[in-house]
Amino acid sequence: MPALDTQTKVAVVGAGAMGSGIAQVAAQAGHQVYLHDQREGAAEAGRDSIAKQLQRRVDKGKMQQQELDDVIGRIQPVAKLDQVADAGLVIEAIIEDLQIKRQLLANLEDLCTGDAILATNTSSISVTALGAEMNKPERLVGMHFFNPAPLMALVEVVMGLATSKAVADTIHATATAWGKKPVYATSTPGFIVNRVARPFYAESLRLLQEQATDAATLDAIIREAGQFRMGAFELTDLIGHDVNYAVTNSVFNSYYQDPRFLPSLIQKELVEAGRLGRKSGHGFYPYGENAEKPQPKTEPAHQSDESVVIAEGNPGVAAPLLERLKAAGLTIIERDGPGQIRFGDAVLALTDGRMATERAATDGIANLVLFDLAFDYSKATRLALAPADQTSEAAVSCACALLQKAGIDVSLIADRPGLVIMRTVAMLANEAADAALHGVATVADIDLAMKAGLNYPEGPLSWSDRLGAGHVFKVLNNIQNSYAEDRYRPALLLRKNAFAQKGFYS
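Since the model is a prediction, treat every value here as computed from it, not as a measurement.

Looking at the overall build of the protein
Tallying secondary structure elements over the protein gives 20 helices and 15 strands in all. A compact globule built from 506 residues should have a C-alpha radius of gyration of about 23 Å, and the protein, at 26 Å, falls within 12% of that. Expressed as lengths along the three principal axes of its C-alpha atoms, the size of the protein is roughly 75 × 50 × 40 Å. A separation threshold of at least 6 residues defines the contact pool for the protein, and within that pool the share at least 24 residues apart is 68%. When the 48 positive and 59 negative side-chain charges of the protein are each reduced to one mean point, those points stand 2 Å apart.

So, in structure tokens, the structure goes:
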């Protein structure tokens, strides 16, 4: 289906930050836009806010004054809802309340022409439920923008049970014409992003609760090894713990309290204490003029006269680490083996989901030190290490010295299953695989949603493929065996792909 012609008028109901942002996007794409809010003066304030934001672009030379004037000229604040009656697309961006949204949609059905498309920007309410009392629910579609709408590329085009495919296709094409990256999703709790992203927060929260290390160190590992834009604690402080905790609870309850989505007691305490993050002045970190952000734990320099590294077996995804060590002047001796790196007293191995202590005892490895996954070992500036309880202090020192010789900061963490990046990526891939299995979205759209909506360095299913067929499945099995919890059960699609020895993009 083609995109809506720019001659089609667009109405946005709700002139808050999100509604105003959507109005700006539509106006910049060339549409005449009605902006309505039931609060007196809110629509005018929304347009003024858009003008101020665009003026900054003009002042920086990133936009022409005429273009700003044209955009603002296409945004018309309207005081009464019936003034949007001739719009061909109406997007509601009001409070997340089922009954209030239903009443608005009922009013819009009465006001607008029969072929007008009604869209909801809801992030958490079922599109099917919103359309259940409509006369023509086939005209209702989710058009979920991400905040701030003018900057964030992703739009989730969400189809309820009755949504017309033609309507969804038109909105998908329109979002593309507006410069966005749309993805299709079915109306299930959390849609794509708010569902698949839950482990990103949950695994860091659990590691903090298990005292693997502190919040600043976990965030640094996520950023500097995983190449995510922000760590989980920085991000939840930015989002607001009341908001993030509420979404987690909503998804948890919507999936009949599936343990995969179990909320965190630590976050619950923050909400109850009113420590909501940046907006309250304190969350995991303090904020304010004189606030000092805690620094991550980084190992001091460890000395070693060793210059020979013995690589036993295929290093797999960690191969760039060996190249980096070679570039640092170390001699690499390669021989057959189980994929381990020997340096001095230490035996280093990439985590496979087992605790180092268990793996050392089971596999009979003396002085084992596990290292974490990195998005790109050739560029990682920090890695997490976890030694087995049986490992000597001298071997731990050798392991730290080896990475430091390659210019990598080392954070020692307590011995926990899967360390930090590996378990986070494995759980993201697990949830993404389950969403794909249940037809929430295609594999490609899930990966695109996580990159465009949350700025992930790679889609979780693509990342899973890069680790190798069956690798994430093995890691999750080992983590589940360690905890004996259903939370870490591997998705059926991961299991099938592991036994077929294929990836999601094979």
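Here we look at unusual backbone geometry
The linkage connecting Asn147 with the following residue, Pro148, adopts the cis geometry, with an omega of 0 degrees. You can see Pro148 is positioned in the loop between strand E6 (140-145) and strand E7 (154-159). A positive phi angle is found at Gln227, which is not glycine, with a value near 60 degrees. Locating Gln227 in the fold gives a position in the loop between helix H9 (215-224) and helix H10 (232-239).

Structural notes on the environment of Ala346
Take Ala346: it is sitting in strand E12 (residues 346-350). Sequence separation between Ala346 and Val396 is 50 residues, and the spatial gap between their C-alpha atoms is 6.6 Å. Filtering out sequence-adjacent residues up to four positions away, Ala346 remains in contact with Ile341, Asn367, Ala395, Cys398 and Ala399.

Looking at the nonpolar core
Ile192 and Tyr377 are the most contacted members of the largest nonpolar core, which has 127 residues in total. Looking at this core element by element, the count peaks at eleven residues for helix H16 (residues 421-437). In this structure, Ile192 is in contact with Glu156, Val183, Tyr184, Ala185, Val440, Ala441, Asp445, Ile446, Ala449 and Met450, ignoring residues within four places of it in sequence. Residues Met63, Val71, Phe145 and Ala175 belong to the second largest nonpolar core, which totals 38 residues.

What about the packing of aromatic side chains?
Applying the stated criterion across every chain yields a total of eleven aromatic pairs. Ring geometry for Tyr483 against Tyr488: centres 5.1 Å apart, planes inclined by 20 degrees, an arrangement best described as stacked. Counting every residue linked through ring pairs, the aromatic cluster contains Phe200, Tyr201, Phe228, Phe375, Tyr456 and Trp463. Sitting above the plane of the Tyr184 ring, Lys165 keeps its charged end 5.2 Å from the centroid. For Lys293, the ring lying beneath its charged end belongs to Tyr285, and the centroid distance is 4.8 Å.

Considering the packing of helix H1 (residues 17-28) against helix H2 (residues 42-59)
Relative placement of two packed helices is described by the angle separating their axes and the distance separating the axes. Here H1 crosses H2 at 65 degrees, and the two axes come no closer than 9 Å. For the element pair H1 and H2, the recorded crossing hand is right-handed. When H1 is examined against H2, the residues Ser20, Ala23, Gln24 and Gln28 are found in contact with a partner set consisting of Gly46, Ile50, Gln53 and Leu54. Taken together, the residues of the contact of H1 with H2 break down into three nonpolar, five polar and no charged.

Observations regarding the sheet that holds strand E11 (residues 340-343)
Taken in spatial order, the seven strands line up as E10-E9-E11-E12-E13-E14-E15 in an open sheet, and their pairing is mixed. At either margin of the open sheet sits one strand with a lone partner, and together these are strand E10 (331-335) and strand E15 (409-412). Here the strands of the sheet are splayed against their neighbours by 30 degrees on average, with no regard to which way each runs. Strand direction decides the pairing type here: strand E9 (residues 308-312) and E10, joined by five bridges, are parallel. Residue pairing in the sheet places Ile310 in a bridge with Ile333 of E10. Contacts from H9 reach strand E14 (382-387) and E15, with the element oriented near 125 degrees to E14. Helix-sheet contacts for helix H14 (residues 356-363) involve E12, strand E13 (368-371) and E14, and the interaxial angle to E13 is about 130 degrees.

Considering the side chain of His471
Position of His471 relative to the elements: it lies in helix H19 (residues 471-483). Residue His471 is classed as buried on the basis of its relative accessible area, which comes to 15%.

Observations concerning the packing of helix H8 (residues 198-209) against helix H12 (residues 265-273)
Interaxial distance between H8 and H12 falls to 9 Å at its minimum, and their mutual angle equals 90 degrees. The orientation of H8 with respect to H12, classified from their angle, is roughly perpendicular. Contacts between H8 and H12 involve Leu205, Leu208 and Gln209 on the former and, on the latter, Leu265, Ile266 and Gln267. Grouping the amino acids of the contact of H8 with H12 by side-chain chemistry returns four nonpolar, two polar and no charged.

Section: the pairing of E13
Taking every second residue as pointing to the same face, both faces of E13 are buried, with Leu368 and Leu370 on one and Val369 and Phe371 on the other. Where E12 meets E13, four bridges bridge the pair, whose relative direction is parallel. Bridge pairing in E13 places Leu350 opposite Phe371. Viewed along the sheet, the connection from E12 through H14 into E13 turns out right-handed. Both E13 and E14 contribute to a ladder of three bridges, which runs antiparallel. Among the inter-strand pairings, Val369 is bridged to a residue of E14, identified as Pro387.

Observations concerning the environment of Ala177
Locating Ala177 in the fold gives a position in helix H6 (residues 165-177). Using a relative accessible area of 52% as the deciding quantity, one classes Ala177 as exposed. With 151 residues separating them along the chain, Ala177 and Ala26 place their C-alpha atoms 9.8 Å apart.

Thoughts on the pattern of salt bridges
Pairing between side chains becomes possible if they bear opposite charge and their charged atoms approach one another. Evaluated as defined, the whole model comprises 33 salt bridges. A salt bridge links Asp86 to Lys9, with the shortest nitrogen-to-oxygen separation between them at 2.9 Å. Of this pair, Asp86 sits in the loop between strand E3 (75-78) and strand E4 (89-92) while Lys9 sits in the segment before strand E1 (10-13), and the two are 77 residues apart along the sequence. On the basis of relative accessible area, Asp86 is assigned to the partly exposed category, the value being 42%. Taking the relative accessible area as the measure of exposure, Lys9 reaches 28% and is therefore partly exposed. The partner of Glu203 in a salt bridge is Arg423, and the shortest N-O contact between them spans 2.9 Å.

Cut-offs used in this document
- Residues numbered from 1 in each chain as written.
- Predicted model: local features only at pLDDT ≥ 70, side-chain atom pairs only at ≥ 80, totals over all residues.
- Heavy atoms only, no water.
- Helix = DSSP H or I, 4+ residues; strand = E, 2+ residues; numbered from the N terminus.
- Rg over C-alpha atoms; globule rule 2.2 N^0.38 Å.
- Contact = heavy atoms within 4.5 Å.
- Lys, Arg positive; Asp, Glu negative; His and termini not counted.
- Charge placed at Lys NZ, Arg CZ, Asp CG, Glu CD.
- Core = buried A, V, L, I, M, F, W, Y, C linked by side-chain atoms within 4.5 Å.
- Buried < 20%, exposed > 50% of the residue type's maximum accessible area, 1.4 Å probe, protein only.
- Phe/Tyr/Trp six-rings, centres within 6.5 Å; stacked < 30°, edge-to-face > 60°.
- Lys NZ or Arg CZ within 6 Å of the ring centre and 35° of its normal.
- Axes fitted to C-alpha atoms, helices over the stretch in contact; angles between N-to-C directions.
- Left-handed = near helix turned anticlockwise from the far one by under 90°.
- Nonpolar A, V, L, I, M, F, W, Y, C, P; charged D, E, K, R; others polar.
- Pairing = 2+ DSSP bridges.
- Parallel < 35°, antiparallel > 145°, perpendicular 65-115°, else oblique.
- Right-handed = clockwise from strand over helix to strand, strands pointing away.
- Salt bridge = Lys/Arg side-chain N within 4 Å of Asp/Glu carboxyl O.

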